[in-house]
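Chain residues, written in single-letter form:
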Amino acid sequence: MFLGTHTPRLDDKGRLILPAKFRDELAEGLVVTKGQERCLYVFPMAEFRRLAEQLQATPVTHKAARAYSRVFFASAFDQVPDKQGRITIPPALREYGGLRRDLAVIGASSRVEVWDAEAWETYLADSEESFADIEEGVLPGF
């Protein structure tokens, strides 16, 4: 399970040093792809395969599933972190996420999310008030 918020920097070659506590789960391979709200999702390979199987199980006649699958898979990039725990974020994904130098890398349970640091702070500020309001609907009885 991925937890916490980390603030690494993107180097000039578009490489990100993964937080140390995430490296073991991602060491065997990972997939980086477009996420919602202009962040990037980083999945361990096994989790990506599980999601791929779910998407493949949806009928090809389901228009929304087709559209989501196209973007999800077309923007996916698989790799194995190097010995220093670095991964390369492809230029198209850096552009999609608006990634500059300062990043926020957050643990989001079964995935890691990569945000531009400023975009993450804006998202948090905008979401803070609604966080308490939506809790009951998301976690009934919590």
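Remember, it's a predicted structure, so these values are computed and weren't measured experimentally.

Thresholds applied
- Residues numbered from 1 in each chain as written.
- Predicted model: local features only at pLDDT ≥ 70, side-chain atom pairs only at ≥ 80, totals over all residues.
- Heavy atoms only, no water.
- Helix = DSSP H or I, 4+ residues; strand = E, 2+ residues; numbered from the N terminus.
- Rg over C-alpha atoms; globule rule 2.2 N^0.38 Å.
- Buried < 20%, exposed > 50% of the residue type's maximum accessible area, 1.4 Å probe, protein only.
- Contact = heavy atoms within 4.5 Å.
- Areas by Shrake-Rupley, 256 points an atom, 1.4 Å probe, with all protein chains shown as cover.
- Lys, Arg positive; Asp, Glu negative; His and termini not counted.
- Charge placed at Lys NZ, Arg CZ, Asp CG, Glu CD.
- Phe/Tyr/Trp six-rings, centres within 6.5 Å; stacked < 30°, edge-to-face > 60°.
- UniProt positions renumbered as here; feature names shortened; annotations may be inferred.
- Expected span 1.5 Å × (residues − 1).
- 1 Å grid on protein atoms, 1.4 Å probe; cavity = no way out; pocket = protein on both sides within 12 Å on 5 of 7 lines; lining within 4 Å.
- Points joined across faces, edges and corners; volume = space filled by probe spheres on them.
- Nonpolar A, V, L, I, M, F, W, Y, C, P; charged D, E, K, R; others polar.
- Salt bridge = Lys/Arg side-chain N within 4 Å of Asp/Glu carboxyl O.

When you go through the protein chain residue by residue, the secondary structure sums to 5 helices and 8 strands. Since a compact globule built from 142 residues should have a radius of gyration of about 14 Å, the 16 Å found for the protein chain is in line with a globular shape. Taking the principal axes of its C-alpha atoms as reference, the protein chain extends roughly 40 × 40 × 25 Å. By the burial criterion, 38% of the 142 residues in the protein chain qualify as buried. When contacts within the protein chain are restricted to residue pairs at least 6 apart in sequence, long-range pairs at least 24 apart make up 60% of them. If you sum the accessible surface of the protein chain, you get close to 8,900 Å²; carbon and sulfur atoms cover 55% of it. Charged side chains in the protein chain number 18 positive and 22 negative. The centres of these two groups are separated by 10 Å.

As a further point, take the packing of aromatic side chains. Aromatic rings in a pair are described by how distant their centres are and how their planes are angled relative to each other. Tallying each qualifying case throughout the model produces 11 aromatic pairs. Look at F48 and F73: their rings are 5.9 Å apart centre to centre, the planes differ by 85 degrees, and that puts the pair in the edge-to-face class. Of the two residues, F48 sits in helix α2 (residues 45-57) while F73 sits in helix α3 (residues 63-74), which places them 25 residues apart along the sequence. Judged by its relative accessible area of 10%, F48 falls in the buried class. By relative accessible area, F73 is classed as partly exposed at 31%.

The UniProt record annotates "domain: SpoVT-AbrB" (unreviewed entry) at residues 5-47 and 76-119. Summarising residues 5-47: 23% helix, 35% strand, and an end-to-end C-alpha distance of 20 Å.

Moving on, we come to α2. The end-to-end C-alpha separation of α2 is 18 Å, in line with the 18 Å expected for 13 residues at 1.5 Å each. On its buried side, α2 packs onto β3 (30-34), β4 (40-44), α3 and β5 (77-79).

The computed volume of the largest pocket comes to approximately 360 Å³. Lining the largest pocket are 15 residues, with I106, A108, E113, W120 and Y123 positioned closest to its centre. Elements with a minimum of two residues in the lining of the largest pocket: β7 (103-108), β8 (111-116) and α5 (117-138). Its residues assigned to classes, the lining of the largest pocket shows 8 nonpolar, 4 polar and 3 charged.

What follows concerns the pattern of salt bridges. Here the structure, examined in full by the defined rule, presents 8 salt bridges. Here R50 ties to E47 by a salt bridge, and the two come within 2.6 Å at their closest N and O atoms. Linking R50 with E47, this pair stays in helix α2, spanning 3 residues, or about one helical turn. Across the pair E118 and R100 runs a salt bridge, and its minimum N-O distance is 3.7 Å. Of this pair, E118 sits in helix α5 while R100 is found in the loop between α4 (91-97) and β7, placing the two residues 18 residues apart along the sequence. Assessed through its relative accessible area of 54%, E118 is described here as exposed.

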